[in-house]
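The primary structure of each chain is shown beneath.
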Amino acid sequence: MADRPDQRPPAGADLVPILFGHNAFQQLNAGCELGLFDLLAEQGPLAAAAVADALGLGRRAADILLLGTTALRLTLVEDGRYRNGPAVETAFADGTWPVLRDIVEFQARVSYAPAADYAESLRTGENVGIRRFPGDSRDLYSRLSNVPGLEELFYRCMNSWSRLSNPVLVEEVDYAKTGRVLDVGGGDAVNALALARAHPHLEITVLDRPGALEVARRNIDAAGLAGRVGTHAADIFDDDYPRGHDCVLFAHQLVIWSPEQNRRLLRKAHDAVEPGGRVLVFNAFCDDDGSGPLYAALDNVYFATLPFRDSTIYRWCEHEEWLRDAGFTDLHRITGAGWTPHGVIEGLRGAT
Ligand SMILES: C[S@@+](CC[C@H](N)C(=O)[O-])C[C@H]1O[C@@H](n2cnc3c(N)ncnc32)[C@H](O)[C@@H]1O
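Computed from a prediction, not measured in an experiment: that's the story for all the values here.

Student: Just checking my understanding: could you explain the site of the ligand for this structure?
Tutor: What surrounds the ligand is a group of 19 residues, the closest being S162, G185, D208, A251 and H252. Separating an oxygen atom of the ligand from a side-chain N or O atom of S162 is a distance of 2.7 Å. Contacts to the ligand include Q253, whose side-chain N or O atom sits 3.1 Å from an oxygen atom. Starting from 590 Å² of accessible surface for the ligand in isolation, the protein chains cover 96%. Assessed atom by atom at 2 Å from the grid points, the ligand resides in the second largest pocket. For the shell around the ligand, the secondary-structure elements that each account for two or more residues are α10 (150–165) and α12 (190–198).

Written out as structure tokens, the structure reads:
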């Protein structure tokens, strides 16, 4: 039955979560920082006075916070007692709460302030938000080491983004005929280690900048996987890729660069494997018709303001065009089952 016009909310109501979107994030961030969600996971349901006491907040502050988190369904209230809402409760139940906490911290400490440079970034075609991090270089990655603790924060949070989204890469791709993977821009080895754990026959080389590989080597050693996961310091554009791999992986990599640079990377991957070898592209994707999804549309503010001048979440079909032009065939899309729009495209280096 159609809504009666007098029952429909005024059209302007659509503006509320957008106009105050920055405040919506701060309700989540404050709930994390102040320990509200941890408290409710351990002791909820709790009355507002008990929340105020346990968090060391005044009653006014606790009421403001609880109103915010409850209106956003991050918490629920029943008979004056508060408990975690479905998204938070699920994250505690399935063990992804620490991952979600890191992602919130990443938004708060890396993405949030530079997002105010979004219009300026679009106007100039530059990643203007980078001015909020000291240094002269034009990309975020090479500026990380200029702020004490920032590189550690970045890789801890990037690790969590990848852990949240990489089940599609680790579990949905068939590695039965793959032996050695080259993980280009593999960062702290988060995906390499997940692959090595899940597929005991795989050997993986993580190629990245020396700074990232220091973190990678610590993680590889801690995981006891140094026998199967190695590192290779190189520039992904300027240096030759090491030989002897039958699969090249670009994980969260093609979102950083321009289409021309991505074509260059994919040609290098094509040259690096023998005929019969594969390429895997793993990241978030936009729909082919440019209509969404919302996650990609909003995450694109980070890509427009920070990593590199041309960073963008591209459409599936754009990746496929670059892959075909680089010489890959048998392209195959694999979509993830999680709440992020991550997926994998695999391509084959044919016989010629
Ligand atoms: C978005 S992170 C992705 C890390 C990892 N693949 C993942 O999915 O978590 C991009 C990585 O590319 C690396 N990178 C960027 N430019 C590079 C370059 N020119 N040469 C080598 N590595 C580079 C960065 O150091 C960083 O580790």
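Additional details are given in the paragraphs that follow.
Student: I tried to follow the layout of surface pockets on my own but got confused; where do I start?
Tutor: Gaps left between atoms are located by rolling a probe of water-molecule size over the structure's atoms. There is about 720 Å³ of room inside the second largest pocket. Forming the walls of the second largest pocket are 39 residues, and the residues nearest its centre are Y141, G185, H252, Q253 and I256. Counting residues per element, the ones that place at least two in the lining of the second largest pocket are α9 (140–143), α10, α12, β8 (278–284) and α15 (294–305). Broken down by element, the residue count for the lining of the second largest pocket peaks at six residues, all from α10.

Conventions adopted
Residues numbered from 1 in each chain as written. Predicted model: local features only at pLDDT ≥ 70, side-chain atom pairs only at ≥ 80, totals over all residues. Heavy atoms only, no water. Near = heavy atom within 4 Å. Polar contact = N/O pair within 3.5 Å; in protein donor to acceptor, adjacent residues only side chain to side chain. Areas by Shrake-Rupley, 256 points an atom, 1.4 Å probe, with all protein chains shown as cover. 1 Å grid on protein atoms, 1.4 Å probe; cavity = no way out; pocket = protein on both sides within 12 Å on 5 of 7 lines; lining within 4 Å. Sits in = over half its atoms within 2 Å of the grid points. Helix = DSSP H or I, 4+ residues; strand = E, 2+ residues; numbered from the N terminus. Points joined across faces, edges and corners; volume = space filled by probe spheres on them.

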